[in-house]
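# Commentary on secondary and tertiary structure
Residue-level listing of the chains:
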Amino acid sequence: EYEIFKEINLARTNPEAYLEFLKFYYKEKRISDEEFKETVSFLKNQTKLYPLNISYKLSVIAKKHLNDIGRNGLMGHIGSDASSPTIRINSISKVRIIRLAESLSFGCDDARFIVLKFIIDSESKKKENRLNIFNNNFDFIGISYGYHSKFGVMSCIDFVQKPINIEIFDSYY
């Protein structure tokens, strides 16, 4: 989890560093020509952002979702209890969190490649996972990595914007 946290912040604070990682994965034929060209263009134009803070409470929420869908062999943002990221995240807050997002990765056990896959985001036309990482409105993330019954491993990353003047998240690491 800590490695994923470090990689997300590296991507945010130094997007050009990820160009070198992208080249490596491209040479290993892990991504297509089209994905490579589009992602290179994006990273070259991406502004450097401040690092995110990690929240213990948000990580607990991510862990609960990971355990739920991992144990039940599910994929997606809706839990077996029909909870959405909005419901789960707002359950730990005294105020309603308006800006939030969730990124999920399945079957990948390398932190750098998890983040690179989010940046490439080939499975989404809207590039939601990429936008989550590079959204300058987000202040905190919660991260969980663990077992999935169909894919072996998965990660769940929740992103939030901290409401002004409200201390709701304890940062750690």
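Quick look at the structure, then.

Conventions used here
- Residues numbered from 1 in each chain as written.
- Predicted model: local features only at pLDDT ≥ 70, side-chain atom pairs only at ≥ 80, totals over all residues.
- Heavy atoms only, no water.
- Buried < 20%, exposed > 50% of the residue type's maximum accessible area, 1.4 Å probe, protein only.
- Helix = DSSP H or I, 4+ residues; strand = E, 2+ residues; numbered from the N terminus.
- Pairing = 2+ DSSP bridges.
- Core = buried A, V, L, I, M, F, W, Y, C linked by side-chain atoms within 4.5 Å.
- Contact = heavy atoms within 4.5 Å.
- Salt bridge = Lys/Arg side-chain N within 4 Å of Asp/Glu carboxyl O.
- Polar contact = N/O pair within 3.5 Å; in protein donor to acceptor, adjacent residues only side chain to side chain.

### Things to note about the pairing of strand 4 (residues 152-160)
Most of strand 4 sits inside the fold, with eight of its nine residues counted as buried. Where strand 2 (residues 100-106) lies against strand 4, seven bridges are found, and the strand directions are antiparallel. Paired with glutamate 102 across the bridge in strand 4 is aspartate 158. Summarising the sheet, strand 3 (residues 140-148) and strand 4 pair through nine bridges and their orientation is antiparallel. Note that in strand 4 the partner of histidine 148 across the bridge is glycine 152.

### Here's the deal with the environment of asparagine 45
By secondary structure assignment, the location of asparagine 45 is in helix 3 (residues 33-45). Separated by 29 residues in the primary sequence, asparagine 45 and glutamate 16 place their C-alpha atoms 9.0 Å from one another.

### Thoughts on the nonpolar core
Counting 34 residues, the largest nonpolar core has Ile133 and Ile141 as the members making the most contacts within it. For this core, the secondary-structure elements that each account for two or more residues are helix 1 (2-13), helix 2 (17-27), helix 3, helix 6 (111-120), strand 3 and strand 4. No other element matches the eight residues that helix 6 contributes to this core. With sequence-adjacent residues up to four places away left out, isoleucine 141 is seen in contact with Phe5, Ile8, Leu52, Asn53, Ile54, Ser55, Leu58, Ser59, Ile157, Asp158 and Phe159.

### Quick word on the pattern of salt bridges
Tallied over the entire structure, the rule returns eight salt bridges. We note a salt bridge from arginine 30 to glutamate 28, for which the minimum N-O separation is 3.8 Å. Salt-bridge contacts for glutamate 38 lead to arginine 130; the nearest nitrogen and oxygen are separated by 2.7 Å. Taken together, the residues span a long stretch of sequence, with glutamate 38 in helix 3 and arginine 130 in helix 7 (residues 128-133) at a distance of 92 residues. Under the relative-accessibility criterion, glutamate 38 is labelled partly exposed at 33%.

### Let's talk about the side chain of serine 84
Secondary-structure assignment places serine 84 in the loop between helix 4 (56-72) and helix 5 (85-90). When sequence neighbours within four positions are dropped, the list of residues in contact with serine 84 reads His77 and Ile78.

### With respect to the side chain of threonine 39
In this fold, threonine 39 is placed in helix 3. The class of threonine 39 is buried, set by a relative accessible area of 0%. Looking at threonine 39, its side chain comes within polar contact range of the main-chain oxygen of glutamate 35, at 2.7 Å. Apart from residues no more than four positions distant in its own chain, threonine 39 is found in contact with Leu22, Ile119, Ile120 and Arg130.

All we've got here are geometric facts, nothing functional implied.
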